[in-house]
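# Structural characterization, general
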Amino acid sequence: MTTATRQEVLGLYRSIFRLARRWQAASGQMEDTIKEKQYILNEARTLFQKNKNLTDTDLIKQCIDECTARIEIGLHYQIPYPRPIHLPPMGLTPLRGRGLRSQEKLRKLSKPIYLKSHDEVS
């Protein structure tokens, strides 16, 4: 990992903790705010610990993009949780046939960047 990349990752980590410190739940309830702050902190720690040994620059860039997207979406929608995607089970039609394997591949390709690591952790 280059020095610039390391600084970018550490900057994201600090910005997540700053975001968690000033987070307010959309409901206005104190217990919801505490629960959502705790989720933000736990999710950040888990994902950063999981990815701390990455050396491939493309994977690191993908993780940085995912982190940035999740921060922006969280701030925009005022929810700390990843927004789910709603696809019907066989909704992505391949060019030929309707095989389950091709559906799974299309589903994986259509997953937004902010959900790439969500299924792996939870």
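Each chain has its residues counted from 1, following the order in which its sequence is written. Selection of residues for local features in this predicted model requires a pLDDT of at least 70, selection of side-chain atom pairs for listing and counting requires 80 or more, and totals for whole chains, interfaces and linings are taken over all residues. Hydrogens and waters are ignored; side-chain quantities use all the structure's heavy atoms.

Per an unreviewed UniProt entry, the recorded name for the chain is LYR motif containing 1, and the organism is Otolemur garnettii. UniProt positions are given in the numbering used here, feature names are shortened, and annotations may be inferred rather than shown by experiment. Within the UniProt record for the chain, the comment given under Sequence similarities (unreviewed entry) is "Belongs to the complex I LYR family."

Let's shift gears to the packing of helix 1 (residues 3-22) against helix 2 (residues 30-50). When two helices pack together, their arrangement is given by the angle between the helix axes and by the axis-to-axis distance. Lines fitted to C-alpha atoms define the axes here, with helix axes fitted over just the stretch in contact, and angles between the N-to-C directions of these axes take values from 0 to 180 degrees. Per the convention used, a helix needs a DSSP run of H or I reaching at least four residues, while a strand needs a run of E reaching at least two, with both numbered from the N terminus. Look at helix 1 against helix 2: their axes get within 8 Å of each other, and the N-to-C directions meet at 165 degrees. Relative to helix 2, helix 1 is oriented roughly antiparallel. Crossing geometry of helix 1 relative to helix 2 is assigned as left-handed. In this structure, helix 1 contributes Val 9, Leu 12, Tyr 13, Ile 16, Phe 17, Ala 20 and Arg 21 to the contact, and helix 2 contributes Lys 37, Ile 40, Leu 41, Ala 44, Arg 45 and Phe 48. Orientation categories follow fixed angle ranges, with anything under 35 degrees roughly parallel, anything over 145 roughly antiparallel, 65 to 115 roughly perpendicular, and all other angles oblique. Take the far helix as the reference: if the near one is turned anticlockwise from it by less than a right angle, the crossing is left-handed, and if turned clockwise, right-handed. Contacts were defined at the residue level, with two residues in contact if any of their heavy atoms lie within 4.5 Å.

What is meant by a nonpolar core is a set of buried Ala, Val, Leu, Ile, Met, Phe, Trp, Tyr and Cys residues, joined one to another through side-chain atoms within 4.5 Å. Partly exposed residues are those whose accessible area sits between 20% and 50% of the maximum for their type, while under 20% is buried and over 50% is exposed, using a 1.4 Å probe and protein chains only. Counting 13 residues, the largest nonpolar core has Leu 12, Ile 16, Ile 40, Ile 64, Cys 67 and Ile 71 as the members making the most contacts within it. Among the secondary structure elements, those contributing two or more residues to this core are helix 1, helix 2 and helix 3 (57-77). In terms of residues, this core owes the most to one element, helix 1, which gives five residues.

Before going further, it helps to examine the side chain of Thr 33. Within the secondary structure, Thr 33 is located in helix 2. Its relative accessible area of 2% is what places Thr 33 among the buried residues. Those residues in contact with Thr 33 that sit more than four places away from it in its chain are Trp 23, Gln 24 and Ala 25.

So, about the pattern of salt bridges. By salt bridge we mean one thing: a side-chain nitrogen of Lys or Arg within 4 Å of a carboxyl oxygen of Asp or Glu. Under the criterion given, the structure shown has three salt bridges. Of the charged contacts in the structure, one is a salt bridge between Glu 43 and Arg 70, with a shortest N-O distance of 3.1 Å. Of this pair, Glu 43 sits in helix 2 while Arg 70 sits in helix 3, and the two are 27 residues apart along the sequence. There is no split in this pair, since Glu 43 and Arg 70 are both buried. Between Asp 65 and Lys 61 there is a salt bridge; the shortest N-O distance is 3.3 Å. Note that Asp 65 and Lys 61 are positioned in helix 3 at a spacing of four residues, about one turn of the helix. Taken together, the shared-partner salt bridges connect Glu 43, Glu 66 and Arg 70 into one network.

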